[in-house]
Amino acid sequence: MLEPKKVKFRRHHRGHRRGMAMRGNKVSFGSYGLKAIEPGWVTARQIEASRIVISRVVRKIGKMWIRIFPDKPVTERPAETRMGKGKGAPDHWVAVVKPGRIMFEVDGVNREEAEAAFRDAGHKLPIKTRLVERRPL
């Protein structure tokens, strides 16, 4: 699963999820992309599950790009712990996704295969998604 090799600080604030994606909002590498429609956190496990589903369709004929990376640590306290005593230990990693962000891209497959792959991958994600095509230059 994806996670940073090294981070400057082990614990982060939660932050806010306002606004649209200003970068990473265009299909840059492939022909088709999976675009986020609503904001949310996507965990490393969810990214991995989506990657497996997409790669099953793409296989040897096409190519796939993952455009998001889980670089935000989410902490969790042990069960049945009293209040106080500081922030919990890092538990898992998430990618902050804003509306408009392209999360996955594929190339070398036709539209029907891309639709099927992204539909199944979208079921693995906690946010609503949509298939988008690359605009001609």
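- UniProt annotates the protein chain under Sequence similarities (unreviewed entry) with the comment "Belongs to the universal ribosomal protein uL16 family."

## Things to note about the packing of helix α1 (residues 44-58) against helix α2 (residues 111-123)
The axes of two packed helices give the description: the angle between them and the distance between them.
And step 1. Packing of α1 against α2 leaves a shortest axis separation of 8 Å and a crossing angle of 160 degrees. As judged from the angle between their axes, α1 and α2 are roughly antiparallel. The handedness of the crossing between α1 and α2 comes out as right-handed. Mapping the contact onto sequence places Ser 50, Val 53, Ile 54 and Val 57 in α1 and Glu 113, Ala 117, Phe 118, Asp 120 and Ala 121 in α2.

## Overview of the nonpolar core
And step 1. Formed by 21 residues in total, the largest nonpolar core has its most connected members in Met 103, Phe 104, Val 106 and Phe 118.
And step 2. Looking at this core, the elements with two or more residues in it are β1 (32-36), α1, β5 (89-97), β6 (102-107) and α2.
And step 3. Of all the elements, α1 adds the most residues to this core, at 4 residues.
And step 4. If near-sequence neighbours (up to four positions away) are discounted, Val 106 is found in contact with Gly 30, Ser 31, Tyr 32, Ile 54, Val 58, Lys 63, Met 64, Trp 65, Ala 114 and Phe 118.

## Details of a positive patch on the surface
And step 1. Taken together, the side chains of Arg 10, Arg 11, Arg 14, Arg 17 and Lys 87 present a region of like positive charge at the surface.
And step 2. With respect to the helices and strands, the residue Arg 11 is situated in the segment before β1.
And step 3. The class for Arg 11 is partly exposed, based on a relative accessible area of 38%.

## Focus: the sheet that holds β5
And step 1. The strand order across the open sheet formed by 3 strands is β2-β5-β4, and the pairing between neighbours is antiparallel. Every other strand in the sheet has two partners, leaving β2 (40-43) and β4 (72-76) as the edge strands with one partner each. Strand-to-strand, the axes of this sheet are offset by a mean angle of 50 degrees, without reference to chain direction.
And step 2. Sheet topology places β2 next to β5; 4 bridges connect them, and they run antiparallel. When the sheet's bridge partners are listed, Val 42 is paired in β5 with Ala 95.
And step 3. Along the sheet face, α1 touches β2 and β5 and points at about 70 degrees away from the line of β2.

The rules behind each value
Residues numbered from 1 in each chain as written. Predicted model: local features only at pLDDT ≥ 70, side-chain atom pairs only at ≥ 80, totals over all residues. Heavy atoms only, no water. UniProt positions renumbered as here; feature names shortened; annotations may be inferred. Axes fitted to C-alpha atoms, helices over the stretch in contact; angles between N-to-C directions. Helix = DSSP H or I, 4+ residues; strand = E, 2+ residues; numbered from the N terminus. Parallel < 35°, antiparallel > 145°, perpendicular 65-115°, else oblique. Left-handed = near helix turned anticlockwise from the far one by under 90°. Contact = heavy atoms within 4.5 Å. Core = buried A, V, L, I, M, F, W, Y, C linked by side-chain atoms within 4.5 Å. Buried < 20%, exposed > 50% of the residue type's maximum accessible area, 1.4 Å probe, protein only. Patch = residues over 30% accessible without salt bridge, like charges linked within 9 Å, V, L, I, M, F, W, Y side chains within 5 Å. Areas by Shrake-Rupley, 256 points an atom, 1.4 Å probe, with all protein chains shown as cover. Salt bridge = Lys/Arg side-chain N within 4 Å of Asp/Glu carboxyl O. Lys, Arg positive; Asp, Glu negative; His and termini not counted. Charge placed at Lys NZ, Arg CZ, Asp CG, Glu CD. Pairing = 2+ DSSP bridges.

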